[in-house]
Amino acid sequence: MKIATFLFVAVTSVNGFMVRDGAAKSMALKVTKAATDIDEVIAPPSVAGSQKEKILKEPNLWEYNFGLQDPRVKLPHGIIKDVSLPEKFEISEAQIRTLEEDGVVHIKGVFDEEWVDYLRQATKHQVDEPHFWAFAGTASKLYDYIQRNVWQTNSAFARFYYHSAMGHVLAQCGRTDEIRVSTDLLMVNPNKGFKWHQDNQNGPITWEEGLRFWITMDETPKDYGAPVYLKASHKNKVVDEQAVFVDIEREGLEEYKNEKLEFRTMPGDMLIWHPRTVHKVDGPSDGIWTSYRRVLGGTVAKGGAKYHDKRGSGGVLSDLGRHGMQDKEPLKSSFFPIVYPRFEREEAKDRDAGVVGRNPVDIITKIGGLATKASGERFSSFFQVLGSQSKSS
């Protein structure tokens, strides 16, 4: 296994610890503005005799930043930062039942052009000034840019959660009166994509306590990039809880493997699914994106969720913060902020003060549990997913 691939798992899945502002200034490397504008194509798709070029180039080592980042993107709709209540977006009972029965639902047009522009500007800033905790994932070349728990380091994404209708939509989908962010990911261009898998990097919650979400900023390309789900596969009884990679030809998946749901999402759409729903995303065969596929995704916890200590399993990699929570305690912490019915100011203050983040001691002690043979065997499925990328060409 390549070291870069291991680091992708260990770092992009954890986001790493956060340094406070003063420390950040002393630790941060001098940033050189990335040459690529997030809305500018470096080169169009290849024509006869020309070679395709990625729309986004890998940052140089000295371009990475530490600590908190604030793009200072203006909130839309006259929203006052940390004051205005979150917006609402009503969905139908039919959409909720589709999620419950099929394991996935596509909700169109949740966010208007102003919100999409806000997210694109926040993403542009993040890509132009990459954070250190995106280093291993970007270097692995599995994504052009990927960063877990981006809300912890980039204030624009935190405010999106606080003020947008995201929480309201997810609360309706989960038939719950509370939504907390368990873990998130900013993902730009998944290169060759990810083959059939289920999601177990959901933070310290169980399958039934969470919902997965995607918020899309771009139109899905015509020939690749559309997420594909096995209809109702969240009800299967054969895929192990610790598994990530899924062989859809295995015994017990016969009733699901031939019913595929493909979604060609547009800017401002949401995809919401059960964490056990088996799905894939195919990238271009050569791994070269000549357009953008920018997505803000992750897992939220429904009201009543408890904290589950996942040390000794691969699930721990999305929970490496030093929050001090104990197994089976109610999930109430600044590390997993409430966003519906409204954010809490004290939690927001903890985030802005750098209290919420990652600690190297916790990274070492929690990942150390994966060193056992049993844990390694359970976690090996994740590496199969990563390895499958190089075999898909």
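Residues numbered from 1 in each chain as written. Predicted model: local features only at pLDDT ≥ 70, side-chain atom pairs only at ≥ 80, totals over all residues. Heavy atoms only, no water.

Participant: Residues and numbers for the side chain of Asp184, please.
Facilitator: Relative to the helices and strands, Asp184 resides in strand 3 (residues 179-188). Within the structure, Asp184 has its side chain in polar contact with the backbone nitrogen of Val150 (distance 3.0 Å). Side-chain polar atoms of Asp184 contact the side chain of Tyr161, separated by 2.7 Å. Sequence-distant contacts of Asp184, defined by excluding residues within four places in its chain, comprise Gln147, Arg148, Asn149, Val150, Trp151, Tyr161, Leu296, Gly297 and Gly298. (Helix = DSSP H or I, 4+ residues; strand = E, 2+ residues; numbered from the N terminus. Polar contact = N/O pair within 3.5 Å; in protein donor to acceptor, adjacent residues only side chain to side chain. Contact = heavy atoms within 4.5 Å.)

Participant: Break down the environment of Asn60 for me, citing the residues and quoting the values.
Facilitator: Considering the arrangement of structural elements, one finds Asn60 in the loop between helix 2 (21-27) and helix 3 (93-102). Sequence separation of Asn60 and Phe135 is 75 residues, and the distance between their C-alpha atoms is 9.7 Å.

Participant: Explain the environment of Phe135 residue by residue, including any values.
Facilitator: As for its position among the elements, Phe135 is in helix 5 (residues 135-139). By relative accessible area, Phe135 is classed as partly exposed at 28%. Taking the C-alpha atoms as reference points, Phe135 and Glu58, separated by 77 residues in sequence, lie 9.5 Å from one another. (Buried < 20%, exposed > 50% of the residue type's maximum accessible area, 1.4 Å probe, protein only.)

Participant: So what's going on with the pattern of salt bridges? Which residues, and what values?
Facilitator: Scanning all chains against the criterion turns up 23 salt bridges. As a salt-bridge pair, Lys195 and Asp282 come within 2.9 Å of each other at their nearest N and O atoms. Here Asp282 lies in strand 9 (residues 279-282) and Lys195 lies in strand 4 (residues 193-197), a separation of 87 residues in the sequence. Residues Glu249 and Lys257 are paired through a salt bridge, measuring 2.9 Å at the closest nitrogen-oxygen approach. (Salt bridge = Lys/Arg side-chain N within 4 Å of Asp/Glu carboxyl O.)

Participant: Which residues make up the nonpolar core, and what values do they have?
Facilitator: Of all hydrophobic cores here, the largest spans 58 residues; its most connected members are Phe160, Met166, Met270 and Ile272. Looking at this core, the element that brings in the most residues is helix 7 (residues 155-163), giving six residues. Excluding residues that lie within four positions of it along the chain, Met270 makes contacts with Val105, His106, Ile107, Val110, Phe111, Met166, Val169, Leu170, Phe213, Trp214 and Ile215. Counting residues in each nonpolar core, the second largest holds 14 residues, with Leu142, Met187, Tyr229 and Leu271 among its members. (Core = buried A, V, L, I, M, F, W, Y, C linked by side-chain atoms within 4.5 Å.)

Participant: Quick one: what's the story with helix 4 (residues 113-128), residue by residue and with numbers?
Facilitator: Relative to the 22 Å expected for 16 residues at 1.5 Å per residue, helix 4 spans 22 Å between its end C-alpha atoms, a close match to the ideal helical length. Among the structural elements, strand 2 (145-148), helix 6 (150-153), helix 7, strand 3, strand 5 (210-216) and strand 10 (294-302) are those in contact with the buried residues of helix 4. At the N-terminal end of helix 4, a side-chain oxygen is found 3.1 Å from the backbone nitrogen of Glu114, two or three residues along, and the residue is Asp112. (Expected span 1.5 Å × (residues − 1).)

Participant: Describe in detail the side chain of Glu63, supporting the description with residues and values.
Facilitator: Tracing the chain through its elements places Glu63 in the loop between helix 2 and helix 3. Note on Glu63: relative accessible area 6%, which makes it buried. A distance of 2.8 Å separates the side chain of Glu63 from the backbone nitrogen of Asn60, its partner in a polar contact.

Participant: How would you summarise the pairing of strand 3 if you had to cite specific residues and measurements?
Facilitator: By the criterion of burial, strand 3 is predominantly enclosed, with ten of the ten residues buried. Relative to strand 3, strand 2 runs antiparallel, the two being bridged by four bridges. Each residue of the ladder has a partner; that of Tyr145, found in strand 3, is Val188. Taken together, the two bridges between strand 3 and strand 11 (residues 338-340) define a ladder with antiparallel strand orientation. Bridged to Arg180 within strand 11 is Ile338. Where strand 3 and strand 10 come together, nine bridges link them in antiparallel fashion. Within strand 10, the position partnered with Met187 by the bridge is Val295. (Pairing = 2+ DSSP bridges.)

Participant: Lay out the confidence of the model for the chain with the relevant residues and their values.
Facilitator: A residue-level look at the chain finds 75% of positions with pLDDT of 70 or above and a mean pLDDT of 82. In this model, residues 1-49 is a region of pLDDT below 50 whose contacts with residues beyond four sequence positions or in other chains number 130 contacts. Taken as a whole, residues 373-393 scores under 50 in pLDDT and shows 42 contacts with residues more than four places along the chain or in a different chain. (pLDDT = per-residue confidence, 0-100.)

Participant: Break down the sheet that holds strand 4 for me, citing the residues and quoting the values.
Facilitator: Here we have four strands laid out as an open sheet, ordered 4-9-6-7, and antiparallel in their pairing. Every other strand in the sheet has two partners, leaving strand 4 and strand 7 (260-262) as the edge strands with one partner each. Each neighbouring strand pair of the sheet contributes to a mean axis angle of 25°, computed without reference to strand direction. One ladder, built from three bridges, connects strand 4 with strand 9; its direction is antiparallel. Residue pairing in the sheet places Phe194 in a bridge with Val281 of strand 9. (Axes fitted to C-alpha atoms, helices over the stretch in contact; angles between N-to-C directions.)

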